[in-house]
Amino acid sequence: MADLGLNSHHQEQILSYMRFAKLQRVQRIKAVDNNFGDLKESRLVEDTFTVDEVSDMLDGLRAVVHGEVETELINMAHTNVLLLKQLFGQSEKWHLKLQADISELENSNTLTAMTPLSAT
């Protein structure tokens, strides 16, 4: 595991969260794959399709995938807020005020450094 400059307990907590995120990601990708499979099974029953028919199928698939991805992105944001709420709640018990550097969330170097954690 990459050294994040945290103690071993906190690094393990991050690793645990990354495992959770990976499981969620795998499940979401399966759901998108299933959307494509459903389209193939339900709509691709003829040998020849018109341009309009193909366009309608793709529009329908796009709407389904868009809804799936949007729902999961919202869920991911809510999950992260819940995690932050837990951390802030624990810190408040010790009269600490944690502060996040939101600009670091878009730092490509920092994000790249997290890549090895995704493989776990």
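The text that follows walks through the structure, step by step, so that each part is easy to find. Here the residue index of a chain counts from 1 through its sequence in written order. Under the rules for a predicted model, residues below a pLDDT of 70 receive no local features and side-chain atom pairs below 80 are neither given nor counted, while totals for whole chains, interfaces and linings still include all residues. Note that the side-chain values use all heavy atoms of the structure and ignore hydrogens as well as water.

**As for the layout of surface pockets**
No. 1: Cavities and pockets were defined on a 1 Å grid built over protein atoms only: a cavity is a set of grid points that admits a 1.4 Å probe from which the probe cannot escape, a pocket is an open set flanked by protein on both sides within 12 Å along at least five of seven lines, and lining residues are those with an atom within 4 Å of any such point. Grid points are joined across faces, edges and corners, and a volume is the space filled by probe spheres set on the points. Its volume calculated, the largest pocket comes out at about 2100 Å³.
No. 2: What lines the largest pocket is a set of 45 residues, and nearest its centre among them are I14, Y17, L83, L84 and L87.
No. 3: Counting from the N terminus, the helices are the DSSP runs of H or I reaching at least four residues and the strands are the DSSP runs of E reaching at least two. For the lining of the largest pocket, the elements supplying multiple residues, two or more each, are α1 (8–43), α2 (51–93), α3 (108–113) and α4 (115–118).
No. 4: Examining the composition of the lining of the largest pocket, we find that 15 residues originate from one element, α2, more than from any other.
No. 5: Of the residues that constitute the lining of the largest pocket, the class distribution is 25 nonpolar, 14 polar and six charged. Residues are grouped as follows: nonpolar covers Ala, Val, Leu, Ile, Met, Phe, Trp, Tyr, Cys and Pro; charged covers Asp, Glu, Lys and Arg; every other residue, Gly included, is treated as polar.

**Looking at a nonpolar patch on the surface**
No. 1: A contiguous nonpolar patch, built from L83, L84, L87, F88, W94, L96 and L98 and spanning about 690 Å² of accessible area, is present on the exposed surface.
No. 2: Tracing the backbone shows L98 in the loop between α2 and α3. Here a patch means residues that are over 30% exposed by relative accessible area and free of salt bridges, tied together within 9 Å if like-charged and within 5 Å if nonpolar (Val, Leu, Ile, Met, Phe, Trp, Tyr). Values of accessible area rely on a 1.4 Å probe in the Shrake-Rupley scheme; residue burial ignores everything except the protein chains shown. Note on definitions: salt bridges are taken to be side-chain nitrogens of Lys or Arg within 4 Å of carboxyl oxygens of Asp or Glu.

**Side note on the side chain of E72**
No. 1: Mapped onto the elements of the fold, E72 is located in helix α2.
No. 2: Only protein chains enter the calculation, and the probe is 1.4 Å; a residue is then buried if its accessible area is under 20% of its type maximum, exposed if over 50%, and partly exposed in between. We classify E72 as buried; its relative accessible area is 18%.
No. 3: At 3.4 Å, the side chain of E72 and the side chain of R28 are in polar contact. Each polar contact in these results corresponds to two N or O atoms within 3.5 Å; when the atoms are within protein, one needs to be able to donate a hydrogen and the other to accept it, and residues that are neighboring in sequence are counted only if both atoms are side-chain atoms.

**Topic: α1**
What sets the pattern is the α-helix's 3.6 residues per turn: residues three or four places apart point alike.
No. 1: How far a helix is expected to stretch is found by multiplying one less than its residue total by 1.5 Å. Between the first and last C-alpha of α1 there are 52 Å, a value that for 36 residues agrees with the 52 Å anticipated at 1.5 Å per step.
No. 2: Q11, L15, M18, A31, N35 and L39 are the residues of α1 that are buried.
No. 3: Residue contacts follow a heavy-atom distance rule, with two residues in contact if any of their heavy atoms lie within 4.5 Å. Contacts made by the buried residues of α1 are with α2 and α4.
No. 4: The N-cap residue of α1 is N7: its side-chain oxygen and the backbone nitrogen of H9 are 3.1 Å apart.

**Brief notes about the side chain of S91**
No. 1: Considering the arrangement of structural elements, one finds S91 in helix α2.
No. 2: Assessed through its relative accessible area of 8%, S91 is described here as buried.
No. 3: Excluding residues within four positions of it along the chain, S91 makes contact with L96 and L98.

**Section: the packing of aromatic side chains**
No. 1: Ring geometry is summarised as follows: Phe, Tyr and Trp rings, the Trp one being its six-membered ring, pair when their centres sit within 6.5 Å, and such pairs are stacked at plane angles under 30 degrees, edge-to-face over 60 and tilted between the two. One pass over the structure, following the stated rule, counts one aromatic pair.
No. 2: A centroid spacing of 6.1 Å and a plane angle of 40° characterise the contact between Y17 and F20, whose relative ring orientation is tilted. With a gap of three residues between them, Y17 and F20 both fall in helix α1, about one helical turn apart.
No. 3: Overall, Y17 belongs to the partly exposed group, its relative accessible area being 26%.

**Quick notes on unusual backbone geometry**
No. 1: Despite not being glycine, H95 has its phi angle at roughly 60°, a positive value.
No. 2: By the element assignment, H95 lies in the loop between α2 and α3.

**A short note on the pattern of salt bridges**
No. 1: Summed over all chains, the structure comprises four salt bridges.
No. 2: One salt bridge in this structure joins E12 and R19, with 3.6 Å as the shortest N-O distance.
No. 3: Overall, E12 belongs to the partly exposed group, its relative accessible area being 39%.
No. 4: Residue classification places R19 among the partly exposed positions, given a relative accessible area of 42%.
No. 5: We note a salt bridge from E68 to R28, for which the minimum N-O separation is 4.0 Å. Of this pair, E68 sits in helix α2 while R28 sits in helix α1; the two residues are 40 residues apart in sequence, bridging distant segments of the chain.
No. 6: Given a relative accessible area of 22%, E68 falls into the partly exposed group.
No. 7: Take R28: its relative accessible area is 26%, and that puts it in the partly exposed class.
No. 8: In this structure, a network of salt bridges that share partners links the residues R28, E68 and E72.

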